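The primary structure of each chain is shown beneath.
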Amino acid sequence: MTFRVFRDSVRRSVDAALDSMGLRGVEYSIEVPPDPSLGDLAVNAPLRASRVLREPPGAIAERIAGAISESRPPIIGRVVPHPSGYVNFFADAAELARLTLRAALDPGGWRIDVGRGTKVSVEHTSVNPNKALHIGHARNLVLGDSLARLLSEVGYRVEVLNYVDDTGVQVADVLVGMLYLGMPEDPPPGKKYDAYCGDEVYVRVNELYEARPELVERRREVIAQLERGSGPASELAARVVPRILRAQLETCWRLGAKYDLLNWESHILRSGLWERAFEVLREAGAVRLVEEGELAGCWVLQAPEEGEEKVLVRSDGTTVYAAKDIPYAAWKLGLLGDPFQYRRFAKQPGGGDLWTTDLGGGEAEHPTFGSSDLAITVIDVRQSRVQRFVKYAVELLGERSGRSKRYLHLGYEVVALSRRTAEALGIEVPEGRQFVHMSGRRGAYVNVDDVLNALASRAAEEVRKRNPDARDEWVRRVAEAIAVGALRYQMLRQDPNKLIIFDMEDALRIEGETGPYLQYTYARASRILEKAGGIPSESLGELAALLSAPKEVKLVKLMSKYDMELEEAAAELSPKRLATYSYELADAFNAFYEAHRVLQEPDENRRLARLALVGAFRSLMGRLLTLMGIEPLDRI
RNA sequence: GGGCCCGUAGCUCAGCCAGGACAGAGCGCCGGCCCUCUAAGCCGGUGGCCGUGGGUUCGAAUCCCACCGGGCCCGCCA
């Protein structure tokens, strides 16, 4: 409500000026000038108008500026025509500061509601329950969790889902190892259960398939039992899978993620949802039985482009993997009713229950799940093709039921390992390649827990250096928060459609554009406020006018764009923007911090004004960090 | 063969969707700054025919086309 006020005022003033010059209807854009010394906003109307008027842009700029200067609202300061054909506008610094400080310091202020209660489900993480999370999964989790936080902040009702593929090949591999190869169900002492199953059992079993082909047959039987839900493999799975899942969740929670509900593939398989979806798709003519050719006997989905088709039901009557995604997506949007019961699965750190679907007797009282207006699925780009079919199918189901429902695949590129890091792990890197893809089956990956542990011990050194007398418990806790901040920021700042080449040495950096830099800056602000004993709450208006030094003004301006930045980030489903904006803010704060004293400022009013500025910064940075799932720390 | 994504400073990346005023950060490298608000910081310097070639436009890193280089996807696997 602050920079936006300025921008809207500029738009109104320019419209009025154009009107008075007989130029109504000239299209122009409002931009940010390349150099702040030119102005805070620039309008290119003169360039556009010069085509119509056949007059040099510079001259038109002068006329427009003249027309505006006469009567302008207080938020608009100077209006400066530029010979290049722009009219530049300066916000009135005092007015902008007043509005910004007030909004930022008001705990209930700056509420944004573009979601208006629209229900959105965000599915993320969804790691096969047979191994520990590797850093690729971390990218998924961080993207999804940050997006969920962001959407919730701007007024959407968000439901976070985590899909558990408990009937797939990957789980079956682990069960094969335990059932037929004598691998113990319990891990060796000190080994986390998900890491044990993934690093040892899963990898070993996959090594053996080639030498012992009969194991592949065993696996087939295991999968059949899992789908049916009976037999010795199924009984073993009932113990092993939840145990792995809980170990994975420890890592997820460690990273700050929260979920509302676990959706189990086995439940979806037995829910009858697929049969219902299939029925509707067939009636709609989207699915057809192929009569001849290679695909004879298969039911295929025809979509979304001409000639593209995807087999959903094999000629032997079994369904393919993609056919499980469709009923799940339909459930998310409430298109086929709700066949599930629900019960509590776990208590999450920081409060809040994690629920799970159930097919045999849930709890009588439970929140309403599913039935979202928009379903967002966070999965890597390799799934794009399948996701297009899912989107097509489920949106078709929506149309058939006369409801407007949307399905969105939020894709992102995978995380690969740098040559240096891969070689350090003993992974062979082909000549000429700068990176290598991770592979769970081959054991070629970097676990999230290991990265966090390395980061935490690195951070602990630094924290200890600065706080020699602090309690170990405090140092440990702060170092952990810094480790999470570092990893989350790294995963967030990169554009989702760019491959991340993970390098361990690089990842352990906590200087420069990193999460810890933001946390450090936040702590600086916190300490000033702590020592000052509080923020002035009165006469903010007069105090704000004292913030006239360039570095103060620059910081205020950046902060004044908070709501616009959030809305933009939400509209683009781009939590990355939060990372970029936060870094700019921290940068501006540090520049201010180095240039001006706060506590030692001799002029009392100026001191109070700066305190208010620091308080406003701390408040906004704290909110941004929280949205990114990075813990704001008052002291580090 | 078809489709999607990436190519900007030695390295890692912003900026591109909604085209404009000298192309920005971080890391690295060189040189400065702790006089009690945390130097995980700050200031200055170094460094780029924005992959190539066409086109559209008064104007292109940004839009369109072609090409080159790299990645991914195209299974009755999951």
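Everything below is about the structure printed above this text.
Residues numbered from 1 in each chain as written. Chains lettered and ligands numbered in written order. Predicted model: local features only at pLDDT ≥ 70, side-chain atom pairs only at ≥ 80, totals over all residues. Heavy atoms only, no water.

Help me understand the overall build of chain A in this model?
Along its length, chain A carries 23 helices and 17 strands. Along the first, second and third principal axes, the C-alpha atoms of chain A reach 85 × 65 × 60 Å. Contacts spanning at least 24 positions in sequence make up 71% of the contacts within chain A whose residues lie at least 6 apart. Accessible surface for chain A amounts to roughly 28000 Å². Of this, 48% is attributable to carbon and sulfur atoms. (Helix = DSSP H or I, 4+ residues; strand = E, 2+ residues; numbered from the N terminus. Contact = heavy atoms within 4.5 Å. Areas by Shrake-Rupley, 256 points an atom, 1.4 Å probe, with all protein chains shown as cover.)

Before we go on, may I ask you to explain the side chain of Arg-610 in this structure?
Among the structural elements, Arg-610 can be located in helix H23 (residues 604–627). On the accessibility criterion, Arg-610 (6% relative accessible area) is buried. Side-chain polar atoms of Arg-610 contact the side chain of Glu-552, separated by 2.7 Å. If we ignore the near neighbours within four places in the chain, the residues touching Arg-610 are Leu-547, Glu-552, Phe-592, His-596, Arg-597, Val-598 and Glu-601. (Buried < 20%, exposed > 50% of the residue type's maximum accessible area, 1.4 Å probe, protein only. Polar contact = N/O pair within 3.5 Å; in protein donor to acceptor, adjacent residues only side chain to side chain.)

Would you take a moment to explain the pattern of salt bridges for this structure?
Side chains carrying opposite charge are able to pair once their charged atoms draw close together. Here the structure, examined in full by the defined rule, presents 54 salt bridges. Residue Glu-530 pairs with Arg-527 through a salt bridge whose shortest N-O separation is 3.0 Å. Taken together, the residues Glu-530 and Arg-527, both in helix H18 (residues 515–532) and three residues apart, mark about one turn of the helix. For Glu-601, the salt bridge identified is with Arg-610, shortest N-O distance 2.8 Å. For Glu-601, a relative accessible area of 15% gives the class buried. Overlapping salt bridges, with partners in common, bring together Lys-192, Asp-194, Arg-254, Asp-449 and Glu-480 in one network. (Salt bridge = Lys/Arg side-chain N within 4 Å of Asp/Glu carboxyl O.)

I tried to follow the layout of surface pockets on my own but got confused; where do I start?
Considered as a void within the structure, the second largest pocket measures approximately 580 Å³ in volume. Lining the second largest pocket are 24 residues; nearest its centre among them are Val-32, Pro-36, Lys-554, Lys-557 and Lys-561. Only strand S4 (86–91), helix H20 (550–560) and helix H22 (576–595) provide two or more residues apiece to the lining of the second largest pocket. No fewer than three residues from each of domain 1 (3–91) and domain 5 (511–627) sit in the lining of the second largest pocket. (1 Å grid on protein atoms, 1.4 Å probe; cavity = no way out; pocket = protein on both sides within 12 Å on 5 of 7 lines; lining within 4 Å. Points joined across faces, edges and corners; volume = space filled by probe spheres on them. Domains from an automatic or database assignment.)

I would appreciate a short explanation of the packing of H20 against H23 in the present structure.
When two helices pack together, their arrangement is given by the angle between the helix axes and the distance between those axes. Packing of H20 against H23 leaves a shortest axis separation of 11 Å and a crossing angle of 35°. Relative to H23, H20 is oriented so that their crossing is left-handed. Residues Glu-552, Leu-555, Val-556 and Met-559 of H20 lie in contact with H23, whose contacting residues are Arg-610, Leu-613, Ala-616, Phe-617 and Leu-620. (Axes fitted to C-alpha atoms, helices over the stretch in contact; angles between N-to-C directions. Left-handed = near helix turned anticlockwise from the far one by under 90°.)

Honestly, helix H1 (residues 3–20) in this entry has me stumped. Any pointers?
Residues spaced three or four apart along an α-helix face the same direction, because each turn holds 3.6 residues. Helix length check: H1, at 18 residues, gives a terminal C-alpha distance of 26 Å against a target of 26 Å (1.5 Å per residue), a fit within 8%. Of the residues making up H1, those classed as buried are Phe-3, Arg-4, Phe-6, Ser-9, Val-10, Ser-13, Val-14, Ala-17 and Leu-18. In the stretch just after H1, Gly-22 is the one whose phi turns positive, near 75°. (Expected span 1.5 Å × (residues − 1).)

Teacher, can you tell me more about empty space enclosed by the protein here?
Rolled over the atoms, a probe with the dimensions of a water molecule shows which regions are left empty. Overall, the coordinates contain one cavity of 30 Å³ or more when judged by the stated rule. Space inside the largest cavity adds up to approximately 60 Å³. Taken together, Thr-125, Ser-126, Val-127, Leu-133, Asn-162, Tyr-163, Val-164, Leu-245, Gln-248, Leu-249 and Cys-252 make up the lining of the largest cavity. Taken together, the elements giving at least two residues each to the lining of the largest cavity come down to strand S6 (157–164) and helix H9 (232–254). If one sorts the elements of the lining of the largest cavity by residue count, H9 sits on top with four residues. Taken together, the residues of the lining of the largest cavity break down into seven nonpolar, four polar and no charged. (Nonpolar A, V, L, I, M, F, W, Y, C, P; charged D, E, K, R; others polar.)

Teacher, can you tell me more about the environment of Ala-454 here?
Structurally, Ala-454 can be placed in helix H15 (residues 448–466). Judged by its relative accessible area of 23%, Ala-454 is partly exposed. Once residues lying within four places of it in the same chain are set aside, the contact partners of Ala-454 are Met-504 and Leu-508.

Can you help me understand the packing of helix H8 (residues 214–228) against H9 in this one?
As a packed pair, H8 and H9 sit with axes 8 Å apart at the nearest point and diverge in direction by 70°. Between H8 and H9, the interaxial angle falls into the category roughly perpendicular. For H8 against H9, the interelement crossing comes out right-handed. Between H8 and H9, the contacting residues are Val-222, Gln-225 and Leu-226 on the first element and Pro-232, Ala-233, Ser-234 and Ala-237 on the second. (Parallel < 35°, antiparallel > 145°, perpendicular 65-115°, else oblique.)

In this structure, what is going on with the sheet that holds S4? I would like to understand it.
By definition, the strands of a sheet pair up through backbone hydrogen bonds, in either a parallel or an antiparallel sense. The strand order S1-S2-S4-S3 describes an open sheet built from four strands, whose pairing is antiparallel. One side of each edge strand has no neighbouring strand; the edge strands of this open sheet are strand S1 (30–31) and strand S3 (76–82). As defined by bridge partners, strand S2 (residues 41–43) adjoins S4 across three bridges and the pair is classed as antiparallel. When the sheet's bridge partners are listed, Leu-41 is paired in S4 with Phe-89. Strands S1, S2, S3 and S4 of the sheet are contacted by H1, whose axis makes an angle of about 20° with S2. Against the sheet, helix H3 (residues 57–70) makes contact with S3 and S4, and its axis sits at roughly 160° relative to S3, the strand it touches most. (Pairing = 2+ DSSP bridges.)

It is not clear to me how the pairing of strand S13 (residues 374–378) should be interpreted in this structure. Could you clarify?
Along any regular strand, the residues point their side chains to alternate faces of the sheet. Counting buried positions over the five residues of S13 gives five, a clear majority of the element. Along S13, one buried face is formed by Leu-374, Ile-376 and Val-378 and the opposite face, lined by Ala-375 and Thr-377, is buried too. Where strand S5 (residues 119–123) and S13 come together, four bridges link them in parallel fashion. Paired with Val-122 across the strands is Ile-376, a residue of S13.

Can you help me understand H20 in this one?
The buried fraction of H20 is high, at eight of eleven residues. Listing the buried residues of H20 in full gives Glu-552, Val-553, Leu-555, Val-556, Lys-557, Leu-558, Met-559 and Ser-560. Each element contacted by the buried residues of H20 is listed here: H1, helix H4 (93–105), helix H21 (562–571), H22 and H23.

Explain the sheet that holds strand S14 (residues 406–410) here, please?
Taken together, the seven strands give an open sheet; going across it, the order is S11-S12-S7-S6-S5-S13-S14, and neighbouring strands pair in mixed fashion. On the outer flanks of this sheet lie strand S11 (341–347) and S14, each paired with one strand and no other. The sheet shows a mean angle of 25° between the axes of neighbouring strands, taken without regard to direction. H9 rests against S6, strand S7 (261–264), S11 and strand S12 (353–358) of the sheet, and its axis sits at about 55° to S11. Across the sheet, helix H12 (residues 322–332) touches S5, S6, S7, S11, S13 and S14, and the angle it forms with S6 is around 155°.

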